[in-house]
Amino acid sequence: MPPNKLMPEFIKGIAISKPKRESWLIEELYDALIPLDESVIIEKTRFQGVLVILSDRLDARTISRAASKAEFSFMSRLIPALVVLVASSRSDIDNAITRLLDGLTRNNIRLIANLRGSGKNLYSSRELTSKIESLGFKVLSRASRVLVIESIDNIVVLSYGNTRRCGLNCILLSIA
């Protein structure tokens, strides 16, 4: 496991804590994930409240299932990572979105996009909406299917699924 450096191949999810609750959320995540991978690491990023789940054993579906069995008091959002990439250009994100949505029924989809740091320079939420609509989807805020795009500088995490509650004011992206 990497010492204090975010390596995309080990990123398996992003968790967002409630304000000033990072440390407590780390404990909750360890409680849920250590039974599945005793070497899992939950690490703070330079962005307040943004944590990454690092593992060489876990995958997005396993994290989603484990989190759906837990109740989180200190988390506002958990995004298991289906795609992780180091984006140097907009086309890197375009290709990842196209691959992730390929083969899905062209229907309504909700977009949740949180681009942080240098990731903000690659895309805006409006431009992401246009990209998704160019693929034949209609972006609606109340759609049941959700595409999530999160960045930690140039590391971009994409995921797709349905949202469900994982505690009071906590949303889990549930991967089928």
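1. Structural notes on the state of the cysteines
Here is step 1: Counted by the stated rule, this structure contains one disulfide.
Here is step 2: Two residues share a disulfide in this structure: Cys166 and Cys170, whose sulfurs sit 2.0 Å from each other. On the sign convention where negative means left-handed, the S-S torsion of about -70° between Cys166 and Cys170 marks this disulfide as left-handed.
Here is step 3: For Cys166, a relative accessible area of 2% corresponds to the buried category.
Here is step 4: Look at Cys170 and you get buried, because its relative accessible area is 0%.

2. Describing the pattern of salt bridges
Here is step 1: Across all of its chains, the model carries seven salt bridges by this definition.
Here is step 2: Between Glu38 and Arg57 there is a salt bridge, and its shortest N-O distance comes to 2.7 Å. Note that Glu38 is positioned in the loop between helix 1 (22-33) and strand 2 (41-44) and Arg57 in the loop between strand 3 (50-54) and helix 2 (60-68), a separation of 19 residues in sequence. In this pair, the class of Glu38 matches that of Arg57, namely exposed.
Here is step 3: The salt bridge partner of Arg116 is Glu150, with a shortest N-O separation of 2.7 Å.

3. Quick notes on helix 3 (residues 90-101)
Here is step 1: Counted at 1.5 Å a residue, the expected span for helix 3 with its twelve residues is 16 Å, and the 17 Å between its end C-alpha atoms agrees.
Here is step 2: Looking at the buried residues of helix 3, the elements they touch are strand 5 (83-86), strand 6 (108-114), helix 4 (125-134), strand 8 (145-152) and strand 9 (155-167).
Here is step 3: Trailing helix 3 by a residue or two, Gly103 shows a phi angle of about 90°, which is positive.

4. As for the nonpolar core
Here is step 1: One finds Ile97, Leu101, Leu128, Ile132, Leu147, Ile149 and Leu158 to be the most contacted residues of the largest nonpolar core, which totals 24 residues.
Here is step 2: Every element with two or more residues in this core is listed here: strand 5, helix 3, strand 6, helix 4, strand 8 and strand 9.
Here is step 3: Those residues within four positions of Leu147 in sequence are excluded, and the remaining contacts are Ile97, Leu100, Leu101, Ile109, Arg110, Leu111, Ile112, Ile132, Ser159 and Tyr160.
Here is step 4: The next biggest cluster of nonpolar side chains, apart from the first, holds 21 residues, and it includes Ile26, Ile42, Ile63 and Cys166.

Reading guide: rules and limits
Residues numbered from 1 in each chain as written. Predicted model: local features only at pLDDT ≥ 70, side-chain atom pairs only at ≥ 80, totals over all residues. Heavy atoms only, no water. Disulfide = S-S within 2.5 Å. Buried < 20%, exposed > 50% of the residue type's maximum accessible area, 1.4 Å probe, protein only. Salt bridge = Lys/Arg side-chain N within 4 Å of Asp/Glu carboxyl O. Helix = DSSP H or I, 4+ residues; strand = E, 2+ residues; numbered from the N terminus. Expected span 1.5 Å × (residues − 1). Contact = heavy atoms within 4.5 Å. Core = buried A, V, L, I, M, F, W, Y, C linked by side-chain atoms within 4.5 Å.

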